[in-house]
Amino acid sequence: MMPARLRVFPAISRNRDPEKYVGELMRVADFADRNGFEGILLFEGNDVFVEPWAMAQHILAATTRSSPLIAVNPVYMHPFTAAKFVSSFAQLYGRKVYLNMITGTAISDLQGLGDEQSHADRYVRLGEFVTLMRRLLSSPRPVNVDGRFYCASNLQLRPRLPAELMPEFLIAGQSDAARRVAEETGCIKMQMLPPDLDRGLGASGMNFGIFARESRDEARQAAKARFRDNPDDRELLALTVENSDSVWKRGLYEGQSGELADNGYWLLPFLTFQADCPYLVGSYAEIGAQLKEFAAKGLTTVMLDMVADEAEMQHVCKALKASGMF
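Note that the structure is predicted; figures quoted are calculated from it, not measured.

Topic: the overall build of the protein
Then comes step 1: Along its length, the protein carries twelve helices and twelve strands.
Then comes step 2: At 19 Å, the protein has a C-alpha radius of gyration in line with the 20 Å of a compact globule built from 326 residues.
Then comes step 3: C-alpha extents for the protein along the principal axes are approximately 60 × 40 × 40 Å.
Then comes step 4: The buried share among the 326 residues of the protein stands at 55%.
Then comes step 5: Summing over all exposed atoms, the protein offers an accessible surface of approximately 14,200 Å²; the carbon and sulfur share of this is 49%.
Then comes step 6: The averaged location of the 41 negative side-chain charges in the protein is 6 Å from the averaged location of its 36 positive side-chain charges.

Below, the structure is given as structure tokens:
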């Protein structure tokens, strides 16, 4: 059954300037709050300028309906701590949050943090994290767990979280281990926009960017003007891929060109380290029709890369509204 509407979480295109980071996030968060987006995606990692939980509180305090999508990596915190944050936000603002469960960060960062788990084991830990966190948030009684990575003895979270404010969990990894954990824990499974747009849709969530204009040609010209190819930027991405064991990042990087395909699929923003996902380029009507088609195949949730510019965000809104599902 087609969803009544798509839940869309904007994320700002990769930002390397700490002085502009908070301002851009708040500009997008305010725009999202006024224009029917679900919330805003907040990244996690050693190189993120502001801790996402702190940024989420800043956004919740400054908006009226936003439900931030907060990246959570077990390497940085215990499930009880994450549950306490969720409970605290519920008490302070009466709003739910979404949690983007991740295991990935640079190999050098994992080494710096003393985390020596294998890729597969990090996903086992992620599954235990989600399970324990859910139990802490929903159980009226103390929780007992004897897992491989987490143990709890008569652990209780007070006050109990109202059922309507229970967070929804997303898993963005593309590996077999990520898919298995998403299925076992009932998390929303995310995938990247596929190059052919039609085949390979196996998840209810998708990650991509939108670059739209009134006409197809206008959109393609404007996109190429905004995201330019640059050997130095390509080299920067090559260095990050080398320092990563991310299956999705390697999959996008290997054997892909930066050409703008006839169907609107465009990987250049990713290949030049200006975005973390492919883009869909086209007219409002074309993109709206494609989104409606995705929804008919089960898409409910979108992580949407956006340029933090009011005019660009308005173009994105027009494309989303053309789908009739936003």
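The structure having been displayed, the exposition proceeds.
A look at the pairing of strand 3 (residues 69-72)
Then comes step 1: Every second residue of strand 3 is oriented toward a common face, with L69 and A71 on one face and I70 and V72 on the other, all of them buried.
Then comes step 2: The sheet contact formed by strand 2 (residues 41-42) and strand 3 spans two bridges and is parallel. Across the sheet, L42 pairs through a bridge with I70, a residue of strand 3.
Then comes step 3: One crossover worth recording links strand 2 to the parallel strand 3 by way of helix 2 (residues 52-62), and it is right-handed.
Then comes step 4: Pairing of strand 3 with strand 4 (residues 98-101) involves four bridges; the strand directions are parallel. Bridge pairing in strand 4 places L69 opposite Y98.

Focus on the packing of aromatic side chains
Then comes step 1: Per the counting criterion, the structure on display carries 13 aromatic pairs.
Then comes step 2: Ring plane angle 70° and centroid distance 4.8 Å describe the contact between F9 and Y98, whose orientation is recorded as edge-to-face. With F9 in strand 1 (residues 7-12) and Y98 in strand 4, this residue pair connects regions lying 89 residues apart in the sequence. Just as F9 is buried, Y98 falls in that class too.

Overview of the side chain of E128
Then comes step 1: Secondary-structure assignment places E128 in helix 5 (residues 119-138).
Then comes step 2: It is R148 that comes nearest to the buried, bridge-free E128 among opposite-charge side chains, at 6.2 Å.
Then comes step 3: In this structure E128 touches G147, R148, F149 and Y150, once residues within four positions along its chain are discounted.

Describing the nonpolar core
Then comes step 1: Membership of the largest hydrophobic core comes to 81 residues, with the highest contact counts inside it found for W53, L99, M101, M133, F208, I210 and L304.
Then comes step 2: Once residues within four sequence positions are removed from consideration, L304 is found in contact with V8, F9, P10, A11, F208, G209, I210, V316 and L320.
Then comes step 3: Counting twelve residues, the second-largest nonpolar core is a separate cluster that includes A222, L260, L268 and A275.

Notes on helix 11 (residues 284-296)
Then comes step 1: Between its first and last C-alpha atoms helix 11 spans 18 Å; for 13 residues at 1.5 Å apiece the expected length is 18 Å, and the two agree.
Then comes step 2: Among all positions in helix 11, only Y284, I287, G288, Q290, L291, F294 and A295 are buried. Buried residues of helix 11, seen end-on, are gathered within an arc of 165° and therefore sit on one face of the element. Facing away from the buried side of helix 11 by over 90 degrees, the exposed positions are A285 and A296.
Then comes step 3: Where the residues of helix 11 are buried, they touch strand 9 (205-213), strand 11 (279-283) and helix 12 (310-322).
Then comes step 4: At the C-terminal side of helix 11, G298 shows a positive phi close to 115°.

Section: the layout of surface pockets
Then comes step 1: Within this model, the second largest pocket holds a volume of roughly 350 Å³.
Then comes step 2: Looking at the lining of the second largest pocket, the elements with two or more residues in it are helix 6 (176-185), strand 8 (188-192) and helix 9 (247-253).
Then comes step 3: Ranked by the residues each element gives to the lining of the second largest pocket, the list is headed by strand 8, at four residues.
Then comes step 4: Its residues placed into classes, the lining of the second largest pocket shows eleven nonpolar, six polar and four charged.

Describing the pattern of salt bridges
Then comes step 1: Scanning the model with the defined rule gives eleven salt bridges in all.
Then comes step 2: Put simply, E38 and R5 hold a salt bridge, and the shortest N to O gap is 3.3 Å. Taken as a pair, E38 in the loop between helix 1 (18-34) and strand 2 and R5 in the segment before strand 1 lie far apart in primary sequence, 33 residues in all.
Then comes step 3: R5 sits in the partly exposed class, given a relative accessible area of 33%.
Then comes step 4: One connected set of salt bridges, linked through shared partners, spans R7, K96 and E168.

What counts as what
Starting from 1, residues in each chain are numbered consecutively following that chain's sequence as written. Note on the predicted model: pLDDT of at least 70 is required for a residue's local features to be given, and 80 or more for side-chain atom pairs to be given and counted; whole-chain, interface and lining totals, by contrast, use all residues. Hydrogens and water are ignored here; the side-chain numbers use all heavy atoms of the structure. In DSSP terms, a helix is any run of H or I states spanning at least four residues, a strand is any run of E spanning at least two, and both are numbered starting from the N terminus. Just to be clear, the radius of gyration here is over C-alpha atoms, and the globule rule we use is 2.2 Å times residues to the power 0.38. Residue exposure (1.4 Å probe, protein chains only): buried if accessible area is under 20% of the type maximum, exposed if over 50%, otherwise partly exposed. Each accessible area value is a Shrake-Rupley result obtained with a 1.4 Å probe; residue values ignore everything except the protein chains displayed when judging cover. None of His or the chain ends enter the tally, which takes Lys and Arg as positive and Asp and Glu as negative. All charge positions are set by atom: Lys at NZ, Arg at CZ, Asp at CG, Glu at CD. In this description, strands pair whenever DSSP reports at least two bridges between them. Call a crossover right-handed when, viewed with both strands pointing away from you, the route from the first strand across the helix to the second goes clockwise. Side-chain rings of Phe, Tyr and Trp (the six-membered ring for Trp) are treated as a pair once their centres are within 6.5 Å; stacked means planes under 30 degrees apart, edge-to-face means over 60, and tilted covers the remaining angles. We define a salt bridge as a side-chain nitrogen of Lys or Arg found within 4 Å of a carboxyl oxygen belonging to Asp or Glu. Every residue pair with non-hydrogen atoms within 4.5 Å of one another is taken to be in contact. To form a nonpolar core, buried Ala, Val, Leu, Ile, Met, Phe, Trp, Tyr and Cys residues must be joined to one another through side-chain atoms within 4.5 Å. An expected span of 1.5 Å times one less than the residue number is assigned to each helix. The arc in question is the one traced by the directions running from the helix axis out to the C-beta atoms. Definitions used for this entry: grid spacing 1 Å over protein atoms alone; cavity, a set of points where a 1.4 Å probe fits but cannot get out; pocket, an open set with protein on both sides within 12 Å along at least 5 of 7 lines; lining residue, one with an atom within 4 Å of a point. Grid points are joined across faces, edges and corners, and a volume is the space filled by probe spheres set on the points. Only Asp, Glu, Lys and Arg are considered charged, only Ala, Val, Leu, Ile, Met, Phe, Trp, Tyr, Cys and Pro nonpolar, and every remaining residue, Gly among them, polar.

All quantities given are derived from atomic positions and should not be read as evidence of function.
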